[in-house]
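Breakdown of the fold
Each chain, written out:
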Amino acid sequence: MGKSKSRIFRKGINDQITKISRSDAIVETVKYLNCNKNTEAHNLITMFGLSAEEILEAGASYEAVVAMKNIFK
């Protein structure tokens, strides 16, 4: 994890997760998308640069990913 991500986590912006890997971020994003917590999902997608393919392969619904299509490259 880079310096910037570590600082963000230490500031308490995301109190639920102290250290997170890319694979953990994908799993958490899928959980957030399936529970309609788009703000949290958006934060993880932009922080880790996740792609739509990664999220779909991890089990997110197609409709949830299409709803967030404006943040994917």
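Our structure's up above, just so we're on the same page.
The text that follows walks through the structure, step by step, so that each part is easy to find. (Residues numbered from 1 in each chain as written. Predicted model: local features only at pLDDT ≥ 70, side-chain atom pairs only at ≥ 80, totals over all residues. Heavy atoms only, no water.)

Describing the overall build of the protein
Across its full length, the protein holds five helices and zero strands. Across the protein, contacts joining residues at least 24 apart in sequence account for 48% of those joining residues at least 6 apart. Surface summary for the protein: the accessible area is close to 5,100 Å², and the carbon and sulfur share equals 50%. (Helix = DSSP H or I, 4+ residues; strand = E, 2+ residues; numbered from the N terminus. Contact = heavy atoms within 4.5 Å. Areas by Shrake-Rupley, 256 points an atom, 1.4 Å probe, with all protein chains shown as cover.)

A closer look at the pattern of salt bridges
Counted by the stated rule, this structure contains two salt bridges. Measuring nitrogen to oxygen at the nearest pair gives 3.0 Å for the salt bridge that ties Glu-54 to Arg-22. Here Glu-54, found in helix H4 (residues 52-57), pairs with Arg-22, found in helix H2 (residues 22-34); they are 32 residues apart in sequence, far enough to count as distant. Overall, Arg-22 belongs to the partly exposed group, its relative accessible area being 35%. Residues Glu-28 and Lys-31 are paired through a salt bridge, measuring 3.6 Å at the closest nitrogen-oxygen approach. Placement of the pair is Glu-28 and Lys-31 together in helix H2, with a separation of three residues, close to one helical turn. (Salt bridge = Lys/Arg side-chain N within 4 Å of Asp/Glu carboxyl O. Buried < 20%, exposed > 50% of the residue type's maximum accessible area, 1.4 Å probe, protein only.)

Some remarks on the environment of Leu-56
Residue placement: Leu-56 occurs in helix H4. Residue Leu-56 is classed as partly exposed on the basis of its relative accessible area, which comes to 33%. Sequence separation of Leu-56 and Val-30 is 26 residues, and the distance between their C-alpha atoms is 8.2 Å. Excluding residues within four positions of it along the chain, Leu-56 makes contact with Ser-61, Tyr-62 and Val-65.

Focus on the nonpolar core
By size, the foremost hydrophobic cluster in this structure holds 18 residues, and its most contacted members are Leu-33, Ile-55, Val-65 and Phe-72. The set of elements that each furnish at least two residues to this core consists of H2, helix H3 (38-48), H4 and helix H5 (62-67). Ranked by residues supplied to this core, first place goes to H2 with five residues. Not counting residues within four places of it along the chain, the set of residues in contact with Leu-33 comprises Asn-38, Ala-41, Ile-55, Ala-60, Ala-64, Val-65 and Met-68. (Core = buried A, V, L, I, M, F, W, Y, C linked by side-chain atoms within 4.5 Å.)

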